[in-house]
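Coordinates in review
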Amino acid sequence: MSATAADEKFEIITRGLQEVLGGDSIKAILTEGRSPKCYWGTAPTGRHVHAFLDNLKAPLELVAHRTKYYQYLLLAVFKSLGIPTSKLHFVEGSSYQLTKEYNLDNYKLCAIVSEHDAKKAGAEVVKQVESPLLSGLLYPGLQALDEQYLDVDFQFGGVDQRKIFTFAELYLPRLGYRKRAHLMNAMVPGLAGGKMSSSDPNSKIDFLDAPEVVRKKLKLAFCEEGNTEGNGVLSFVEAVLIPISQHRIALAKGDTLLEQGTRDQRPFVAEGAPEGTVFSIERDEKFGGSTHYTSFAEMKADFASKALHPKDLKASVAAAINNLLEPIRAAFEADEEWKRIEKLAYPDPNAKPEKTKKKKVYHPPPPGKGKNAKPAETVDGSAEPVATPESTAVEVAKQEGPVKA
């Protein structure tokens, strides 16, 4: 492949990222005509053996179900966006992390990594507590070893993974392994402002959230008028909605690597918008009509000057998100196995256990008892009379004689 073609592919791979470490190694692979192999670790809280070390977030018995759930979900997301999946492979960490070779390399790392370096590497991703567990120190080394045992060319993640990535670049060569490249996305603030939190459902949108739930979460989202800092709604437009809108515009023109996605694939642009528009804020004419933006910078400037009101922004963002989620929700509802796995992976913590009726066990009465009892037989086979309350009373009366007044 020519250097120009390699540069074009490299631009597509790294487009929109916050930071790239070791990009030259990816360019070299592209120049050779090979496709670089990427490690993207998803987190159903327990995706790998070492994920279980992160403060025991998920019981091990849930890991298998959550891994399967994520496979269904990610494939549905990629299909809806038109992302090819022919070269996508799902690998469970436990398939190689329990091998003799992997564990031996882990021991080697433990012999050369200082406590300071291990703690520093995991500071952004491993929960920091007053009395940390040893598991938090092992985590960065195990994630670094994954690059070697998955035989990848680069690892992709959020910029919060940067310290683990630089840890891997430093220590893998000390074990005799090659240094990999690292690609990082910017971190998108949660809807409540600040980092997204799995413990706060209103700080994030779930892929299976119903349309009314999405609108409610956007309505409650932090989006102070004129304030562009820590604004999760604005950040979502920049990181997700505008890039997808641009891909859909390119798809319509036939100059994209993506395939045709499912359902409605129109960009987030209103009817009659000027050429070059990538996102529209739709409003009734009595409120000034729709506004069209050719870049996120334009939208951000309008919001900062208060020309764009939070209510109008939230309404358009909610509509765009529901457009993205609709084919994913439809795929979920149409797949009984996926729905079964979802219940196993994320059981309702408030669900009451089903009451089971206590089965009645029949205990037969002893011989000669019960309503269907028959006279007991003697040794010679003759019937022996069985005493009853009435016969007993008569016998007592005979012995005592007649009652005198």
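Structure: see above.
Residues numbered from 1 in each chain as written. Predicted model: local features only at pLDDT ≥ 70, side-chain atom pairs only at ≥ 80, totals over all residues. Heavy atoms only, no water.

1. Overview of the overall build of the chain
A count of helical and extended segments in the chain gives 14 helices and eight strands. Per-residue burial for the chain yields a buried fraction of 34% across its 405 residues. The long-range share in the chain, meaning contacts at least 24 apart out of those at least 6 apart in sequence, stands at 64%. Carbon and sulfur atoms make up 55% of the accessible area of the chain, which amounts to about 25200 Å² in all. (Helix = DSSP H or I, 4+ residues; strand = E, 2+ residues; numbered from the N terminus. Buried < 20%, exposed > 50% of the residue type's maximum accessible area, 1.4 Å probe, protein only. Contact = heavy atoms within 4.5 Å. Areas by Shrake-Rupley, 256 points an atom, 1.4 Å probe, with all protein chains shown as cover.)

2. Topic: the packing of helix 5 (residues 100-112) against helix 7 (residues 134-149)
At a closest axis distance of 10 Å, the pairing of helix 5 and helix 7 adopts a crossing angle of 130°. Here helix 5 is positioned oblique relative to helix 7, judged by the angle of their axes. The handedness of the crossing between helix 5 and helix 7 is right-handed. Two secondary-structure elements touch here, helix 5 through Glu101, Tyr102, Asp105, Asn106, Leu109 and Cys110 and helix 7 through Leu138, Gly141, Leu142, Leu145, Asp146 and Tyr149. Its residues placed into classes, the contact of helix 5 with helix 7 shows seven nonpolar, two polar and three charged. (Axes fitted to C-alpha atoms, helices over the stretch in contact; angles between N-to-C directions. Parallel < 35°, antiparallel > 145°, perpendicular 65-115°, else oblique. Left-handed = near helix turned anticlockwise from the far one by under 90°. Nonpolar A, V, L, I, M, F, W, Y, C, P; charged D, E, K, R; others polar.)

3. Details of the nonpolar core
Ranked by size, the top nonpolar core spans 36 residues in total, and within it Val233, Val237, Leu241, Phe279, Met299, Leu313 and Val317 carry the most contacts. For this core, the secondary structure elements donating two or more residues are helix 3 (60-81), helix 9 (211-220), helix 10 (232-253), strand 5 (279-281), helix 11 (296-304), helix 12 (310-333) and helix 13 (336-345). A per-element tally of this core places helix 12 first, with nine residues. The residues touching valine 233, leaving out its near neighbours within four places in the chain, are Leu191, Leu218, Ala221, Phe222, Cys223, Leu313 and Val317. In terms of nonpolar packing, the next biggest core, distinct from the first, is built from 17 residues, Tyr39, Tyr96, Phe167 and Leu172 among them. (Core = buried A, V, L, I, M, F, W, Y, C linked by side-chain atoms within 4.5 Å.)

4. A few points about unusual backbone geometry
At aspartate 151, a residue that is not glycine, the phi angle is positive and equals roughly 55°. Mapped onto the secondary structure, aspartate 151 falls in the loop between helix 7 and strand 3 (154-158). Classification of aspartate 151 as partly exposed rests on a relative accessible area of 47%. Positioned with a positive phi, lysine 306 is a non-glycine residue whose angle comes to about 70°. The topology assignment puts lysine 306 in the loop between helix 11 and helix 12.

5. Digging into the pairing of strand 4 (residues 181-185)
For a regular strand, side-chain orientation follows a simple rule: the groups alternate between the two sheet faces. Counting buried residues along strand 4, four of its five residues qualify, which places the element largely inside the surrounding structure. In this sheet, strand 4 lies alongside strand 1 (residues 19-21) in antiparallel orientation, the contact comprising three bridges. The residue of strand 4 that forms the bridge with valine 20 is leucine 183. Pairing between strand 3 and strand 4: five bridges, direction parallel. Bridged to phenylalanine 154 within strand 4 is alanine 181. Handedness of the crossover is the feature at issue here: the chain leaves strand 3, passes through helix 8 (residues 162-171), returns alongside strand 4, and the resulting connection is right-handed. (Pairing = 2+ DSSP bridges. Right-handed = clockwise from strand over helix to strand, strands pointing away.)

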